[in-house]
Amino acid sequence: MANARMSKADRREERFGFLFISPWLIGFIVFAVFPIIASLLISFMKWDIYRSPSWVGFDNFKHLFHDKLFYKSMRVTLVYSAFAIPLGLIFGLALSLLLNLNIRGINTYRTLFYLPSVISGVAIAMVWKWIFNSDYGLLNYMLSLIGIHGPKWLEDPNWILTTYIIMSLWGIGGSAIIFLGGLQNIPGHLYEAAKIDGAKLLQRFTKITLPLLTPTLFFQLLMGIIGSFQVFTSAFMMNGRSGSAGGPENEGLFYMVYLYQKAFKSFDMGYASAMAWVGGLISFVLAIIVYKSQSKWVFYDADDNNGKGKTA
């Protein structure tokens, strides 16, 4: 009898649980599941919004791999990722080490460095567009004070991608806060033992700090790979509203900018959907490669080892 009453209570609790999460479930289905399924179907169609869609099979995907701008946008995105992600990790880690110091007013510094991460991407892009302006921009003015004639950052095809990489470092405060969380989870007794053994500052960093931060580093690397294929706002605001969405010679044509062009300028929704799936698949494969590599370089605490990665 007690078991029966308990099972009824469990069922009632389960119903209430589904009731409370139903707003999220409905939102997830309507705004995530349905668009994903719809985009997959549209990728096999030719649809310009004005006319009814027509089934074309794999034609969009076949055309994709004969499109020079597709390869150009993929190259720009991958080159950007190859530089922006490592630099973001290095500078984010360096900043987190400074923010981990026990000094007066450190919480204020942490807040100030994190603020850029929550500011609108459009506002940030407009500020950087002014900073990089070749005629009256702040950066070239500062360079002129030391006798250097600054380049045309957003107009020279040799510099435009470098401009975006430099701009990407603006948001390292968010990365630094995540690293800071990892730093503060490292047991203090490890550093005390290392000091007793005579380990210098650099030795403590390479033998304790860095290995125990590899799970955080692994997470940041995965997020960086995924995020690099979603670069849009900065590129669009700084060049996309002009005649050439990718800047001079399309050297700033990021994958998402080209996808946007196809979807909302050419109104080729089928082609844009095919691009979305191919780009998603490429970023997924890169993420899987990084995930599989964790056993060789990610160190987990021996007391909390889940069987993946090495123990510290």
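Below is a summary of the structure that appears in this document. Computed from a prediction, not measured in an experiment: that's the story for all the values here.

Along its length, the protein chain carries 13 helices and 4 strands. Each principal axis of the C-alpha atoms in the protein chain carries an extent, and together these give about 85 × 70 × 35 Å. Buried residues in the protein chain amount to 36% of all 312 residues. Taking all contacts inside the protein chain whose residues are at least 6 apart in sequence as the whole, residues at least 24 apart take part in 64%. Summed over all atoms, the accessible surface of the protein chain reaches about 19,200 Å², with 67% contributed by carbon and sulfur. Between the mean site of the 26 positive side-chain charges and the mean site of the 17 negative ones, the protein chain shows a separation of 3 Å.

Another point: the nonpolar core. Counting residues in each nonpolar core, the largest one holds 41 residues, and the members touching the most others are Tyr80, Met238 and Phe254. For Met238, the contacting residues outside a window of four places in its chain are Ala125, Trp128, Lys129, Phe132, Leu154, Thr163, Tyr164 and Met167. Judged by nonpolar contacts, the second largest core, of 17 residues, contains Leu183, Ile186, Phe218 and Val290.

Below, the discussion takes up the packing of aromatic side chains. In this structure the tally under the stated criterion is 22 aromatic pairs. Measuring from ring centre to ring centre gives 5.7 Å for Tyr50 and Phe267, while their planes differ by 65°; the resulting arrangement is edge-to-face. Of the two residues, Tyr50 is situated in the loop between strand E1 (45–46) and strand E2 (54–55) and Phe267 in the loop between helix H12 (255–264) and helix H13 (269–297); the sequence distance between them amounts to 217 residues. Judged by relative accessible area, Tyr50 falls into the exposed class, the value being 66%. Judged by centre distance (5.4 Å) and plane angle (40°), the rings of Tyr260 and Phe264 are tilted. Of this pair, Tyr260 and Phe264 both sit in helix H12, separated by 4 residues, roughly a single helical turn. According to the relative accessible area criterion, Phe264 is partly exposed, its value standing at 49%.

This next bit is on the packing of helix H3 (residues 68–99) against helix H8 (residues 172–184). The interhelical angle for the contact between H3 and H8, taken along N-to-C directions, is 60°, at an axis separation of 7 Å. Judged by the inter-axis angle, H3 sits oblique to H8. For the crossing formed where H3 meets H8, the hand is right-handed. Between H3 and H8, the contacting residues are Gly88, Leu89, Phe91, Gly92, Leu93, Leu95, Ser96, Leu97 and Leu99 on the first element and Ile172, Gly173, Ser175, Ala176, Phe179, Leu180 and Leu183 on the second. Taken together, the residues of the contact of H3 with H8 break down into 11 nonpolar, 5 polar and no charged.

How each quantity is defined
By convention here, each chain's residues receive numbers from 1 onward along its written sequence. Two thresholds apply to this predicted model, a pLDDT of at least 70 for residue-level local features and 80 or more for giving and counting side-chain atom pairs, whereas whole-chain, interface and lining totals are computed over all residues. The side-chain quantities take in all heavy atoms of the structure and omit both hydrogens and water. The secondary structure listing takes helices from DSSP runs of H or I that are at least 4 residues long and strands from runs of E that are at least 2 residues long, numbered from the N terminus. Relative accessibility decides the category of a residue: with a 1.4 Å probe and only protein chains considered, values under 20% of the type maximum give buried, values over 50% give exposed, and everything between is partly exposed. Contact criterion: two residues are considered in contact whenever any of their non-hydrogen atoms come within 4.5 Å of each other. Note on areas: these come from Shrake-Rupley sampling with a 1.4 Å probe, and a residue is covered only by the protein chains present in the view. For the purpose of charge, His is not counted, nor are the chain termini; Lys and Arg are scored as positive and Asp and Glu as negative. We put the charge of a Lys on NZ, of an Arg on CZ, of an Asp on CG and of a Glu on CD. For the purposes of this section, nonpolar cores are sets of buried Ala, Val, Leu, Ile, Met, Phe, Trp, Tyr and Cys residues that join through side-chain atoms within 4.5 Å. Working definition: rings of Phe, Tyr and Trp (its six-membered ring) pair if their centres are within 6.5 Å, and the pair is stacked with planes under 30 degrees apart, edge-to-face with planes over 60 apart, and tilted otherwise. To get an axis, fit a line to the C-alpha atoms, keeping to the stretch in contact for a helix; angles then go from 0 to 180 degrees between the N-to-C directions. Orientation is classified from the angle alone, with under 35 degrees giving roughly parallel, over 145 giving roughly antiparallel, 65 to 115 giving roughly perpendicular, and any other angle giving oblique. We call a crossing left-handed when the near helix sits turned anticlockwise from the far one by less than a right angle, and right-handed when that turn is clockwise. Each residue gets one label: Ala, Val, Leu, Ile, Met, Phe, Trp, Tyr, Cys and Pro are nonpolar, Asp, Glu, Lys and Arg are charged, and the others, such as Gly, are polar.

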